[in-house]
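Summary of structural features
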Amino acid sequence: MPTGAVEDLDLLIVGAGFAGMYAVHRLRGQGLRVRAYDGAYDVGGTWYWNRYPGARYDIESLEYSYSFSEELQQDWEWSRRFPEQPEMLAYARHVADRFDLRRDIAFATRITSVTFDEGDGRWLVTTDRGRRVRARFCVMATGCLSVPNVPDLPGADRFAGRILHTATWPASGSGSSAPAPRASSASRSSPRSRAT
Ligand SMILES: Cc1cc2nc3c(=O)[nH]c(=O)nc-3n(C[C@H](O)[C@H](O)[C@H](O)COP(=O)(O)OP(=O)(O)OC[C@H]3O[C@@H](n4cnc5c(N)ncnc54)[C@H](O)[C@@H]3O)c2cc1C
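Presented here is an overview of the structure given in this document. Only a predicted model underlies this, so the values are computations on that prediction, with no experimental measurement involved.

**Considering the overall build of the protein**
Of the regular secondary structure elements, the protein holds five helices and six strands. Counting from the amino terminus, the protein carries its helices and strands in the arrangement β-α-β-α-α-α-α-β-β-β-β. Intrachain contacts of the protein at a sequence separation of at least 6 include 62% that bridge at least 24 residues. Working note: accessible area of the protein is about 10700 Å², and carbon and sulfur atoms make up 51% of it.

Encoded structure:
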């Protein structure tokens, strides 16, 4: 869609983690025009961003799996009870492939404002890529832990070395094959984040 044009949706979803992915699948299946937006370059949410060495589940994999599809449950085999982050991300990507979720997800795009237009009863949404969207409904699948918490350490701004944050860890550090998060001097979501 060209920059500046207004996209009309029944339902806009913010976030393509496990909640947003399921919302795309479920609500599009009801015949609604649906699109999810995520600042990440792929699905997975928490398991896309938090790729620091040693990141893993503390919930048993079978309990953390989607249960809406018996076929999905049968064709995915977990390697262990408490998988590491690369396997979690691989599972999310497998689900996205299997249910063709990405065709209704816009990646590398952050939602910057959501306002309700009382006049026509629509949400007016803008993105950091200049897109404008009108939607009857918005689902905030933004997660409860998706904004990195950067500790306010005295003197950190004078530290000359490289500063890493677990939530914006460079892709090469974990062996994951997913595209790298935007680990730059600016945070993905918090102006306080200084991860590099
Ligand atoms: C380090 C870590 C370890 C965890 N370990 C476990 C565990 O072992 N077991 C467990 O049960 N839970 C764990 N959790 C909790 C985990 O967040 C949830 O289990 C689950 O993954 C949340 O899924 P979600 O889809 O709701 O949100 P998320 O996975 O957080 O996805 C939200 C998505 O929304 C996107 N987003 C947010 N704001 C915007 C915006 N304005 N515009 C565009 N996109 C936006 C983000 O980029 C993100 O991709 C952990 C969380 C963290 C951070």
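That was the structure; now back to the text.
**Quick notes on the site of the ligand**
Within the structure, the ligand sits among 26 residues, and Asp 38, Thr 46, Asp 58, Tyr 64 and Ile 111 are positioned closest to it. Ala 19 is positioned with one of its backbone polar atoms (N or O) 2.9 Å from an oxygen atom of the ligand. Contact between the ligand and Gly 39: a nitrogen atom at 3.4 Å from a main-chain N or O atom of the residue. At three residues, the largest contribution of residues to the shell around the ligand is made by helix α2 (residues 46-49). Among the residues forming the shell around the ligand, the class breakdown is 13 nonpolar, 10 polar and three charged.

**Here we look at unusual backbone geometry**
Not every positive phi belongs to a glycine, and Asp 100 is a case in point at roughly 50 degrees. Inspection of the secondary structure assignment puts Asp 100 in the loop between α5 (85-98) and β3 (105-106). What makes Asp 100 partly exposed here is its relative accessible area of 39%. The backbone of Ala 108 shows a phi angle near 50 degrees, a positive value even though the residue is not glycine. Along the chain, Ala 108 turns up in the loop between β3 and β4 (111-117).

**Points about the pattern of salt bridges**
Counting across every chain of the model gives 15 salt bridges. With its nearest N and O atoms 3.6 Å apart, the salt bridge here joins Arg 56 to Glu 84. Of the two residues, Arg 56 is situated in the loop between α2 and α3 (61-64) and Glu 84 in the loop between α4 (70-75) and α5; the sequence distance between them amounts to 28 residues. A relative accessible area of 39% places Arg 56 in the partly exposed class. Among the ionic pairs, Arg 98 bridges to Asp 75, the shortest N-O distance being 2.6 Å. One end of the pair, Arg 98, is in helix α5; the other, Asp 75, is in helix α4, with 23 residues separating them in the sequence. Looking at Arg 98, the relative accessible area reads 36%, which means it is partly exposed. Given the relative accessible area of 37%, Asp 75 is considered partly exposed. Several salt bridges share partner residues, and in doing so they unite Arg 28, Asp 100, Arg 103 and Asp 104 into one network.

**A word on the packing of aromatic side chains**
A complete count under the given rule lists 16 aromatic pairs for this structure. For the ring pair Trp 76 and Trp 78, a centre distance of 5.6 Å and an interplane angle of 75 degrees mean the geometry is edge-to-face. Side by side, Trp 76 and Trp 78 carry an identical accessibility label, which is buried. Between the aromatic rings of Trp 78 and Tyr 91, the centroid separation amounts to 4.7 Å while the plane-to-plane angle is 45 degrees, which identifies the pairing as tilted. Taken together, the residues span a long stretch of sequence, with Trp 78 in the loop between α4 and α5 and Tyr 91 in helix α5 at a distance of 13 residues. Just as Trp 78 is buried, Tyr 91 falls in that class too. Stacked on the ring of Tyr 48, the Lys or Arg Arg 51 has its end atom at 4.8 Å from the ring centre.

**Some words on the nonpolar core**
Core analysis: the largest hydrophobic core is formed by 27 residues, its most contacted members being Ile 13, Phe 18, Met 21, Tyr 91, Val 95, Leu 101 and Ile 105. Those elements that provide at least two residues to this core are β1 (6-14), α1 (18-28), β2 (34-37) and α5. Not counting the four nearest positions on each side in its chain, Ile 13 is found in contact with Gly 20, Ala 23, Val 24, Val 34, Arg 35, Ala 36, Tyr 37, Val 139 and Ala 141. Counting nine residues, the second largest nonpolar core, distinct from the first, contains Val 14, Ile 111, Val 125 and Val 133.

Rules behind the numbers
- Residues numbered from 1 in each chain as written.
- Predicted model: local features only at pLDDT ≥ 70, side-chain atom pairs only at ≥ 80, totals over all residues.
- Heavy atoms only, no water.
- Helix = DSSP H or I, 4+ residues; strand = E, 2+ residues; numbered from the N terminus.
- Contact = heavy atoms within 4.5 Å.
- Areas by Shrake-Rupley, 256 points an atom, 1.4 Å probe, with all protein chains shown as cover.
- Near = heavy atom within 4 Å.
- Polar contact = N/O pair within 3.5 Å; in protein donor to acceptor, adjacent residues only side chain to side chain.
- Nonpolar A, V, L, I, M, F, W, Y, C, P; charged D, E, K, R; others polar.
- Buried < 20%, exposed > 50% of the residue type's maximum accessible area, 1.4 Å probe, protein only.
- Salt bridge = Lys/Arg side-chain N within 4 Å of Asp/Glu carboxyl O.
- Phe/Tyr/Trp six-rings, centres within 6.5 Å; stacked < 30°, edge-to-face > 60°.
- Lys NZ or Arg CZ within 6 Å of the ring centre and 35° of its normal.
- Core = buried A, V, L, I, M, F, W, Y, C linked by side-chain atoms within 4.5 Å.

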